[in-house]
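Read off the chains here:
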Amino acid sequence: MTCSLIKGTDISAGIYDEIRDRIAKLRECGVVPGLAAVMVGNDPASQVYVKAKEKKCAELGIRSEMIYLSDNITEEHLLSKIKQLNEDKMIHGYLIQLPLPDHIDTDKIINAIDPKKDVDCFHPENVGRMLVGDHVFLPATPGGVQQMLIRSGISTEGKHIVVVGRSNIVGKPMAALMMQRGIGGDATVTVVHSKSKNLSEITRQADILIVSIGKPLYIKKDMVKEGAVIIDVGVNRIDDPDSPKGTRLVGDVDFDDIKDHVSAITPVPGGVGPMTICTLMDNVVKAAELSIQAQK
Ligand code: GUN
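Residues numbered from 1 in each chain as written. Predicted model: local features only at pLDDT ≥ 70, side-chain atom pairs only at ≥ 80, totals over all residues. Heavy atoms only, no water.

Draft legend 1. Expanded view of the overall build of the chain. Regarding its fold elements, the chain presents 10 helices and 11 strands. For 296 residues, the compact-globule formula gives about 19 Å, and the C-alpha radius of gyration of the chain, at 19 Å, lands near that figure. Dimensions of the chain along its principal axes, counting C-alpha atoms only, are 55 × 40 × 35 Å. Sorting the 296 residues of the chain into buried and exposed places 49% on the buried side. For the chain, the share of sequence-separated contacts (at least 6 apart) that also reach a separation of at least 24 residues comes to 71%. (Helix = DSSP H or I, 4+ residues; strand = E, 2+ residues; numbered from the N terminus. Rg over C-alpha atoms; globule rule 2.2 N^0.38 Å. Buried < 20%, exposed > 50% of the residue type's maximum accessible area, 1.4 Å probe, protein only. Contact = heavy atoms within 4.5 Å.)

Draft legend 2. Broad picture of the environment of histidine 135. On the secondary structure map, histidine 135 appears in the loop between helix H5 (124-131) and helix H6 (140-151). With 10 residues separating them in the primary sequence, histidine 135 and glutamate 125 have C-alpha atoms 9.6 Å apart. Look past the residues within four positions of histidine 135 in its chain and what remains in contact with it is Arg129, Met130 and Lys286.

Draft legend 3. The state of the cysteines, seen in detail. All told, the structure shown has zero disulfides when counted by the stated rule. You can see cysteine 57 has no disulfide; the closest cysteine sulfur is in cysteine 278, sitting 12 Å from it. Of the residues examined, cysteine 57 reaches a relative accessible area of 0% and is grouped as buried. (Disulfide = S-S within 2.5 Å.)

Draft legend 4. Inspection of the pattern of salt bridges at higher detail. Per the stated rule, a full pass over the model turns up 13 salt bridges. The partner of arginine 63 in a salt bridge is glutamate 65, and the shortest N-O contact between them spans 4.0 Å. You can call arginine 63 partly exposed: its relative accessible area is 29%. The class for glutamate 65 is partly exposed, based on a relative accessible area of 27%. Arginine 129 is paired through a salt bridge with aspartate 134; the nearest N and O atoms lie 3.1 Å apart. Where salt bridges share partners, they join Arg22, Asp282 and Glu289 into one cluster. (Salt bridge = Lys/Arg side-chain N within 4 Å of Asp/Glu carboxyl O.)

Draft legend 5. View of the side chain of histidine 160. For histidine 160, the location among the structural elements is in strand S5 (residues 160-164). Polar side-chain contacts of histidine 160 include one of 2.7 Å to the side chain of threonine 190. A distance of 3.4 Å separates the side chain of histidine 160 from the backbone oxygen of glutamine 205, its partner in a polar contact. Sequence-distant contacts of histidine 160, defined by excluding residues within four places in its chain, comprise Thr188, Thr190, Gln205, Ala206, Asp207 and Ile208. (Polar contact = N/O pair within 3.5 Å; in protein donor to acceptor, adjacent residues only side chain to side chain.)

Draft legend 6. Structural view of the sheet that holds strand S6 (residues 188-192). As summarised here, the arrangement of the six strands in space is S1-S11-S8-S7-S5-S6, forming an open sheet in which the pairing is parallel. Because the sheet does not close on itself, it has two edges, and the strands there are strand S1 (4-5) and S6. Sheet analysis places S1 next to strand S11 (residues 264-265), joined by two bridges and oriented parallel. Each bridged residue has a counterpart across the sheet, and for leucine 5 the counterpart in S11 is isoleucine 265. (Pairing = 2+ DSSP bridges.)

Just geometry here; none of it tells us what the structure is for.
Below you can see the structure in the form of structure tokens.
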């Protein structure tokens, strides 16, 4: 079977053209969109993600402020930083990079973010608005995957979409978006996770399989229906003695094993990752646009 690659790098390029136009309009009104990212501790994967966000902001002309805090910071100190960001007129949106150290209550921190600046769409108010179909922001990865499907011409209407993983960041909001009424939704959605029984039996029923479980190369050919569309959200670094670095990035899906069996698949890297950052940038620009409307 011929399998097409769904490349987030290509799809996001078109969206960035639209975002650049919106940034130019904001600048004409004297507004430079501003994003802050707070990173607590020095988790290597989080550092890579935060640097990628900073680089994209610089490319687009979004002001960015990266705030690095020690992993022994107190919850009170972090909450006071959040209060400052909530009040900072130059920052239209900000995010707290997760995971946070164990001594910090992540829910308490997320609840303290001003929902109008919550460009990750993690605050319960924004999650609730998304769930009822009245969103301000879309969560970065699920929103990015939805755009990816729409812009690749892959209809979700009436399809059976199986989401593998139930995290607050990907699995749960992904399922919510896919079942929403309208373009990029209208699907029949099943969510499977680590406690699901007969997982392969269910994944084999998927017309579109969206995988986010953080297990390298977990999904194999025998778990997938022939001709299915595969969206691989996973990013895992594994040892590879053949690569110059001794490691390489792979998804949660065994790409080489299934590529001749499916109709379309996202590569890792270059698939979902670029779409995630793109949705975040879209949210920052939206936050800046809404800040102007609020002043009128
Ligand atoms: N950690 C893993 N993914 C994300 C994300 O999208 N946003 C934040 N803030 N932290 C993350």
